[in-house]
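Residues per chain are reported as follows:
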Amino acid sequence: MKASRFFISTLKEAPAEAALASHKLMIRAGLIKANASGLYTWMPMGLRVLRKVERVVREEMERAGSVELLMPVVQPAELWQESGRWEFYGKELLRLKDRHERDFCMGPTCEEVITDIVRKEITSYKQLPKNFYHIQTKFRDEVRPRFGVMRAREFVMKDAYSFHADYESLVRDGYQPMYDAYCRIFDRLGLNYRPVAADTGSIGGTGSHEFQVLAESGEDVIAYSDASDYAANIELAQTLRLQGERRPSEKALEKVSTPNVKTIESLVRFLNIPVEQTLKSIVVEGENEGEIVLLLLRGDHEFNDIKAEKLAGVKAPLTFAAPELIRAQFGADGGSLGPVGFKGKVYADFAVEKGADWVIGANDNGWHYTGFNFGRDAAEPEFADLRNVVEGDPSPCGKGSLKLARGIEVGHVFQLRDKYSAAMNAAFLDSNGKSQIMEMGCYGIGITRIVAAAIEQNNDGRGIIWTDAMAPFQAVIVPMNYKKSDAVREAADKIYAELCAAGADVLLDDRDERAGVLLADSELLGIPHRIVIGDRGLKEGKVEYARRTDSEAQSVAVEEAAAKVLAALRA
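Please read all numbers here as calculations on a predicted model, not as lab measurements.

Describing the pattern of salt bridges
In the structure shown here, the tally under the stated rule is 43 salt bridges. The closest approach of N and O atoms between Arg119 and Glu82, which form a salt bridge, is 2.6 Å. Within this pair, whereas Arg119 is found in helix 5 (residues 111–121), its partner Glu82 is found in helix 3 (residues 77–83), the two being separated by 37 residues in sequence. The salt bridge partner of Arg85 is Glu112, with a shortest N-O separation of 2.7 Å. Of this pair, Arg85 sits in helix 4 (residues 85–88) while Glu112 sits in helix 5; the two residues are 27 residues apart in sequence, bridging distant segments of the chain. Like Glu112, Arg85 is buried. What emerges from the salt-bridge pattern is a single network uniting Glu59, Glu60, Arg63, Arg184 and Arg188.

Let's talk about the packing of aromatic side chains
In this structure the tally under the stated criterion is 12 aromatic pairs. Judged by centre distance (5.5 Å) and plane angle (85°), the rings of Trp80 and Tyr89 are edge-to-face. In this structure, Trp80 and Tyr89 share a single accessibility class: buried. Here the aromatic rings of Phe186 and Tyr193 are separated by 5.5 Å at their centres, their planes lie at 50°, and the arrangement is tilted. Grouping aromatic residues by their ring pairs yields a cluster made of Tyr179, Tyr182, Phe186, Tyr193 and Phe211. Geometry around Phe473 places Arg48 over its ring, the cationic atom sitting 4.0 Å from the centre. When the ring centre of Trp86 is taken as reference, the NZ or CZ atom of Arg95 above it lies at 4.9 Å.

Comments concerning the packing of helix 2 (residues 44–63) against helix 11 (residues 447–457)
With their axes 9 Å apart at the nearest point, helix 2 and helix 11 run at an angle of 115° to one another. Relative to helix 11, helix 2 is oriented roughly perpendicular. Of the two possible hands of crossing, helix 2 and helix 11 adopt the one that is right-handed. Along the contact surface, helix 2 presents Val49, Leu50, Val53, Glu54 and Val57, while helix 11 presents Ile447, Thr448, Ile450 and Val451. In terms of residue class, the contact of helix 2 with helix 11 is built from 7 nonpolar, 1 polar and 1 charged.

Brief notes about the sheet that holds strand 30 (residues 554–557)
Read across the open sheet, the 5 strands follow the order 27-26-28-29-30; overall the sheet is mixed. Looking at strand neighbours, the two that pair on one side only are strand 27 (506–508) and strand 30, the edges of this open sheet. On average, adjacent strands in this sheet sit at an angle of 25° to one another, irrespective of strand direction. Pairing between strand 28 (residues 529–533) and strand 29 (residues 542–547): 4 bridges, direction antiparallel.

With respect to the domain arrangement of the chain
The domain architecture assigned to the chain consists of domain 1 (16–191 + 410–449), domain 2 (254–384) and domain 3 (475–569). The centre of domain 1, based on its C-alpha atoms, is set 41 Å off from the matching centre of domain 3.

A look at the sheet that holds strand 18 (residues 367–372)
To summarise the sheet geometry, strands pair through backbone hydrogen bonds and adopt either a parallel or an antiparallel arrangement. Pairing is antiparallel in the open sheet, where 3 strands are placed in the order 13-18-17. Edge positions in the sheet fall to strand 13 (254–257) and strand 17 (358–361), since each of these pairs with one other strand and no more. The average angle at which neighbouring strand axes cross in this sheet is 30°, direction not considered. Summarising the sheet, strand 17 and strand 18 pair through 3 bridges and their orientation is antiparallel.

Topic: the pairing of strand 10 (residues 207–214)
Judged by how many residues are buried, strand 10 sits mostly within the fold: 6 of 8 residues are covered. Pairing between strand 9 (residues 193–197) and strand 10: 5 bridges, direction antiparallel. Counterpart to Ala197 in the pairing with strand 10 is His209. The pairing of strand 10 with strand 20 (residues 402–417) spans 8 bridges and is antiparallel.

Focus: the environment of Ser4
Among the secondary structure elements, Ser4 is positioned in the segment before helix 1 (21–28). Among the residues examined, Ser4 registers a relative accessible area of 47% and is labelled partly exposed. Put simply, Ser4 and Asp509 are 505 residues apart on the chain and 7.4 Å apart in space, counted from C-alpha to C-alpha. Side-chain polar atoms of Ser4 contact the side chain of Asp510, separated by 2.7 Å.

Observations concerning the side chain of His529
Inspection of the secondary structure assignment puts His529 in strand 28. Among the polar contacts listed, one links the side chain of His529 to the side chain of Tyr545, at a separation of 2.8 Å. Those residues in contact with His529 that sit more than four places away from it in its chain are Asp468, Gln474, Ala475, Val476, Tyr545, Ala546, Arg547, Val565, Ala568 and Leu569.

Comments concerning the environment of Val56
By the element assignment, Val56 lies in helix 2. For Val56, a relative accessible area of 6% puts it in the buried group. In this structure, the C-alpha to C-alpha distance between Val56 and Phe186, residues 130 residues apart in sequence, is 9.1 Å. Apart from the residues lying within four places of it in its own chain, the contact partners of Val56 are Ile185, Arg188 and Leu189.

What about unusual backbone geometry?
The peptide bond linking Leu128 to Pro129 adopts the cis configuration, its omega dihedral lying at 0°. Residue placement: Pro129 occurs in the loop between helix 5 and strand 7 (130–139). Note that the residue after Ala316, namely Pro317, is joined by a cis bond; omega there is 0°. Along the chain, the position of Pro317 falls in the loop between helix 8 (305–309) and helix 9 (323–330). Its identity as a non-glycine residue notwithstanding, Phe147 has a phi of 65°, on the positive side. Here Phe147 lies in the loop between strand 7 and strand 8 (154–164). In this structure, Arg417 takes a positive phi of about 60° despite not being glycine.

Cut-offs applied
Residues numbered from 1 in each chain as written. Predicted model: local features only at pLDDT ≥ 70, side-chain atom pairs only at ≥ 80, totals over all residues. Heavy atoms only, no water. Salt bridge = Lys/Arg side-chain N within 4 Å of Asp/Glu carboxyl O. Helix = DSSP H or I, 4+ residues; strand = E, 2+ residues; numbered from the N terminus. Buried < 20%, exposed > 50% of the residue type's maximum accessible area, 1.4 Å probe, protein only. Phe/Tyr/Trp six-rings, centres within 6.5 Å; stacked < 30°, edge-to-face > 60°. Lys NZ or Arg CZ within 6 Å of the ring centre and 35° of its normal. Axes fitted to C-alpha atoms, helices over the stretch in contact; angles between N-to-C directions. Parallel < 35°, antiparallel > 145°, perpendicular 65-115°, else oblique. Left-handed = near helix turned anticlockwise from the far one by under 90°. Contact = heavy atoms within 4.5 Å. Nonpolar A, V, L, I, M, F, W, Y, C, P; charged D, E, K, R; others polar. Pairing = 2+ DSSP bridges. Domains from an automatic or database assignment. Polar contact = N/O pair within 3.5 Å; in protein donor to acceptor, adjacent residues only side chain to side chain.

This is the structure we're talking about:
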């Protein structure tokens, strides 16, 4: 492609609201243009990257046995009502009416649509298993779109859905092949990633893995063992029950005045005690109307609401108790709460079980207890995993300790089981002629998010650094004075023709711009391989070749330049 026939629109500065490197660089490199909050046009340069990601995804989906179709962006409400998600999904689901006042939504995902298709088309075990996928625009009405295409309202996603006669087939013929295909996709795209065990969230099901691109700017935190391949999202990473005996008490229970102390931080300052000696109280609604559950964890630990929601007796979705309900049952407000005298259900985190002489709220505004001990001052609670892991915790796999890293979720695979197939009666006749509900899996990849995640992982002060597989062009030829120098133009056209004939995806930047602009744009755009041609070098029969990551260029004979690039691409 010659630049004069293409469209390059770069900027020296990114807009002030762009916070992440990917957002800044995608705007500056002219990959995207903002239309409204969370809505972007993919410009020609960005679309080339997007299509290359899609191509790799398609090839690996087909290799894994998935069949492509295309489902609609606008979906009928009755399907979502049938599955029970019309109300449950929340405000992210953009609802709309047509001219006949019928309800529809802009699809954020397609479990309902594909299940409806399959229940009408597949009736026998002989037709199973089946796996369908599509690459389609999705819409989620994010409350605060941010970070460019990383968290946009409209985005492109590959979602696949598999249907099976039994759970064994789901794992063997659906989940594992998709897991393996995802690994191949991210390997081919050249991303540094980690598959991690994850919570199924609003999608549902019994098991899932996220694929996290490792990047310091990532919103997610993952925990991994330093001695095994264990890895999990911090929401799911387990803490272990402590071994040994409980530390003996050395203090009596004492009620102390703590005026205006309502947080752990202010309590630690006021009493001049280590934060590890404090317990914080979190009050949530129970399963039955009017019930509350008290959750206790160490003051320095972070509460994990995903884990808490799964506890017996706790209302799902997790709901924090209203202030008036807390006041009625404790006689005090938040910031002064504790287990002494409380008659309801109490859970305490594993990290609390072996400790003693805690500082805890006294259920009296402006007062706390010191020297609190379970079994003596209040009944023993039920101990459970209530917190996020921290670096150095023992790995749940039994090998090594946990380390933490930040990541960007770019893919997710789920064992849905019968969450949707049962609700929508997607059934088949088994070998005995008996009706059975299908087992399901679903598998998503954020196509647009991959582009941003790759930039977050690969950039420098000069711009984007693409891998060969994702780059809008694999190589760029930068001729100095292309319009004015016959020698430069002839050498550039010759090398360009050789690369094109060999199947390379190459950009000849024949724009009438200053050398500094051409060179800066080639680096901003992140094109992996560059040949610079100038009159001075041509007098010696030389051009300059450099990878995007090289600090210095190599001098290469004109007749060897194309071969140099092709060899690098093959490598």
